[in-house]
Amino acid sequence: MAQAAERAYLGIRAGILAGQHEPGSRLREEELARQIGVSRTPVREALRRLTADGLVEVSAHRGAQVVSYTDEDLEEIFDLRALLESHSHTRAAERIDDADITRLSELADEMEELGSVPDQGARERIAELNREFHATIIQASGSPRLIGLLQQVVEVPLVHRTFHRYTPEALARSFQHHREIVAALAARDGAWAGAVMRSHVHAARVVLLGARP
């Protein structure tokens, strides 16, 4: 049962983050069980976990559905990201090891190479690499409490498929932020890393909401 529940959790979560289940769409247990190849019980458990993660919400009339946010909700979430994620990058500068910095540089290289590829698959891959990039830094912050707080707010832009909205100019700016973050971490300069990350989050908010910071 535990393995089936984990498979259901990972399968549904991947579908949400990949955009297969749009924000606000219903998640029917029977249909999901058939798609994943498990019974409805592990699907039900998976949906409970995803609700705790902030990716699913349950209402009396519609049942389980992919979480959907108002613009006001998203503004608040990005404000929280700016505070928490910049703090995680500030902490990471004092703790990150050379192997992680090398990996971050490799991720930045790969994202830039994909930036000139004009297809949906490239944007999906950029989103995956971007997630690994920031997750590596958050993990290097060495704070389990901070990691837990960030889990929900960091994944919100993925649900809304932010990278599919980036213009070439916005994408180039995002990549430049990544380069500067790597430089700040390599210099062990927490104030610099935190400041760049704060700008990075505000730029992402403009892309998603179409509003000035």
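Our subject is the structure that appears above.
Our subject in this report is the structure included herewith. (Residues numbered from 1 in each chain as written. Predicted model: local features only at pLDDT ≥ 70, side-chain atom pairs only at ≥ 80, totals over all residues. Heavy atoms only, no water.)

Points about the pattern of salt bridges
Piece 1. As enumerated under the stated definition, the model contains 15 salt bridges in all.
Piece 2. Ionic pairing is found between Arg205 and Glu75, a salt bridge with its closest N-O pair at 3.2 Å. Placement of Arg205 in helix H9 (residues 190-209) and of Glu75 in helix H4 (residues 71-95) is noted, with a sequence separation of 130 residues between them.
Piece 3. Given a relative accessible area of 8%, Arg205 falls into the buried group.
Piece 4. Taking the shortest distance from any N to any O, the salt bridge between Arg188 and Asp98 comes out at 2.9 Å. Of this pair, Arg188 sits in the loop between helix H8 (168-186) and H9 while Asp98 is found in helix H5 (residues 98-115), placing the two residues 90 residues apart along the sequence.
Piece 5. Residue Asp98 is classed as exposed on the basis of its relative accessible area of 54%.
Piece 6. Among the charged side chains, a network of salt bridges with common partners joins Glu29, Arg40 and Arg44. (Salt bridge = Lys/Arg side-chain N within 4 Å of Asp/Glu carboxyl O. Helix = DSSP H or I, 4+ residues; strand = E, 2+ residues; numbered from the N terminus. Buried < 20%, exposed > 50% of the residue type's maximum accessible area, 1.4 Å probe, protein only.)

Focus on unusual backbone geometry
Piece 1. With phi around 55 degrees, Arg188 is a residue other than glycine that occupies positive phi space.
Piece 2. The exposure class of Arg188 is partly exposed, given its relative accessible area of 36%.

What about H9?
Piece 1. In a regular helix each residue adds 1.5 Å, so 20 residues correspond to 28 Å; H9 covers 28 Å between its end C-alpha atoms and thus fits that length.
Piece 2. Of the residues flanking the end of H9, it is Gly210, one or two places downstream, whose phi is positive at about 65 degrees. (Expected span 1.5 Å × (residues − 1).)

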